[in-house]
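Here is what each chain is made of, one letter per residue.
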Amino acid sequence: MSVLVLVLAVSAACCLGIGFVLQQNAAQRAPLNDFLSPRLLLDLVRMPRWLGGIGLMVAGMVLGAIALGQGEISLVEPLLATNLLFAMALSRHQTKQPLGRQGWAGLLLLAGGVTAFIMAGEPRGGSAVTDPFRHWLIIGAMIGFALLLTTYAKRSRLSSGPALLAVAAGLLYGVQDALTRVTGQRFSEGGLMEVLTGWQPYAVLALGVTGLVLVQSAFETASLRMSLPALTAAQPLAGIICGVGFLGDRLRTDTGALAWEAVGLAAVVVGIVLLGMHPAMPCGAGEGVRARRLQPN
């Protein structure tokens, strides 16, 4: 693994994690009637804390894009999942909550799972699949599943809705990362004109804006305990599927390697859930609404 890719990916994770917390701090103050509406972004853009969070997220996405240009998506995505460690660090500073057994267990599982997956799988580049049907099949399945989750989330705004929206956004961001890598390759091969004549950069922009609305709606209506773990777990899984599915990424496929890859990914998901559900994670506006509804008259 290139040291440059490692530094870029971890730096991107740092920016993303801190940016997500700042965004959620602001989004919880937004009106609940802006749920899943572009108006939500117009309300949030007036909040300096949210703008700071977006700035960090954009910086993280740029660093992640550079990392994707230097390394395989199956390598970069697990490293980006460590953004939850940085989100936890800022949340602990804000809430003064101790890390405790749950926090330490989540930290060790997340870090150990990423290490196990990378060491066992040894992600490496290969020849990208040229069959457009395979591209559209995988991308269409990801987007279709995200649309299905979003549709169901509208019916359960303050219960399972935020987690479903976060999974949907994670799927879109995973596809966005894959198309970002394709866009970088097109730029390397033919320059700016080669990029502008392809559909990928416009799809990256559309996926980014759509994912942003989904994430902010999830942040607005629930605590980070409900939304950030789902987002953080879904994005690398979607990215790895795209990387192996049509970008030509290769992982070791012998029995022992596959077993450790599965164990590593499972540890990552469990670690993400433990950290994401830690009491240090701040609440959203929807939490207060539920609390008021449960209070006796």
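Residue positions are given per chain, counted from 1 along the sequence in the order it is written. Whole-chain, interface and lining totals are the exception, using all residues; otherwise, since this is a predicted model, local features are given only for residues with pLDDT of at least 70 and side-chain atom pairs are given and counted only at 80 or more. The side-chain figures draw on all heavy atoms in the structure; neither hydrogens nor water molecules are used.

Take the packing of aromatic side chains next. Aromatic rings from Phe, Tyr and Trp, taking only the six-membered ring of Trp, are treated as a pair when their centres fall within 6.5 Å; an angle between ring planes under 30 degrees marks them as stacked, one over 60 as edge-to-face, and anything in between as tilted. Applying the stated criterion across every chain yields a total of two aromatic pairs. With a centroid separation of 6.1 Å and 75 degrees between ring planes, the pair formed by F20 and F219 is classed as edge-to-face. Of this pair, F20 sits in helix α1 (residues 3–27) while F219 sits in helix α9 (residues 200–221), placing them 199 residues apart in sequence. Residue exposure (1.4 Å probe, protein chains only): buried if accessible area is under 20% of the type maximum, exposed if over 50%, otherwise partly exposed. Exposure remark for F20: the relative accessible area of 4% places this residue in the buried category. Centroid distance W136 to W199: 4.7 Å. Interplanar angle 25 degrees. Geometry classified as stacked. Taken together, the residues span a long stretch of sequence, with W136 in helix α7 (residues 132–155) and W199 in the loop between α8 (161–196) and α9 at a distance of 63 residues. Exposure remark for W199: the relative accessible area of 35% places this residue in the partly exposed category. Secondary structure counts use DSSP, requiring at least four H or I residues in a row for a helix and at least two E residues in a row for a strand, with both numbered from the N terminus.

To continue, consider the side chain of E77. Tracing the backbone through its elements, the reader meets E77 in helix α4 (residues 73–80). Among buried charged residues, E77 stands out as having no salt bridge; its nearest opposite-charge side chain is R181, 9.3 Å away. When checking whether two residues touch, look at their non-hydrogen atoms; a contact exists if any pair is within 4.5 Å. If we ignore the near neighbours within four places in the chain, the residues touching E77 are G174, D177, Q235, P236, G239 and I240. Counting rule applied: Lys, Arg positive; Asp, Glu negative; His and chain ends not counted. The term salt bridge refers to a side-chain nitrogen of Lys or Arg lying within 4 Å of a carboxyl oxygen of Asp or Glu.

The next thing to look at is the side chain of S74. Structurally, S74 can be placed in helix α4. According to the relative accessible area criterion, S74 is buried, its value standing at 0%.

Along its 36 residues, α8 runs just 36 Å from first to last C-alpha, ending more than 12% under the 52 Å computed at 1.5 Å per residue. The largest bend in α8 amounts to roughly 135 degrees and is located at G190. The span you would expect from a helix comes to 1.5 Å times its residue count less one. What is called the bend at a residue is the angle between a pair of axes, fitted to the seven residues leading up to and ending at it and to the seven starting from it.

For helices, the fitted line uses only the C-alpha atoms of the stretch in contact; every axis is such a line through C-alpha atoms, and the angle between N-to-C directions lies from 0 to 180 degrees. Following both chains from N to C, one finds α1 and helix α5 (residues 83–95) inclined at 45 degrees, their axes separated by 7 Å at the closest point. As judged from the angle between their axes, α1 and α5 are oblique. Here α1 and α5 pass one another in a crossing that is right-handed. Counted together, V10, A13, C14, L16, G17, I18, F20, V21, L22 and N25 of α1 and N83, F86, A87, L90, S91 and Q94 of α5 form the full contact between these two elements. Small angles under 35 degrees read as roughly parallel and large ones over 145 as roughly antiparallel, with 65 to 115 read as roughly perpendicular and the rest as oblique. Note: crossing handedness is left-handed where the near helix turns anticlockwise from the far helix by less than a right angle, and right-handed where it turns clockwise.

All right, on to the environment of V5 then. Its location among the elements puts V5 in helix α1. Residue V5 is classed as buried on the basis of its relative accessible area of 1%. Separated by 95 residues in sequence, V5 and G100 have C-alpha atoms that sit 32 Å apart. The residues touching V5, leaving out its near neighbours within four places in the chain, are A67, Q70, G71, L75 and V76.

This next bit is on the confidence of the model for the protein. Note: predicted coordinates in regions of low pLDDT should not be interpreted at a detailed level. Summing up the model confidence of the protein, the mean pLDDT is 83 and the portion of residues at 70 or higher is 91%. Below a pLDDT of 50 lies the segment residues 288–297, which in the model reaches eight contacts outside its immediate sequence neighbourhood of four places, other chains included. pLDDT runs from 0 to 100 and stands for how confident the predictor is about each residue.

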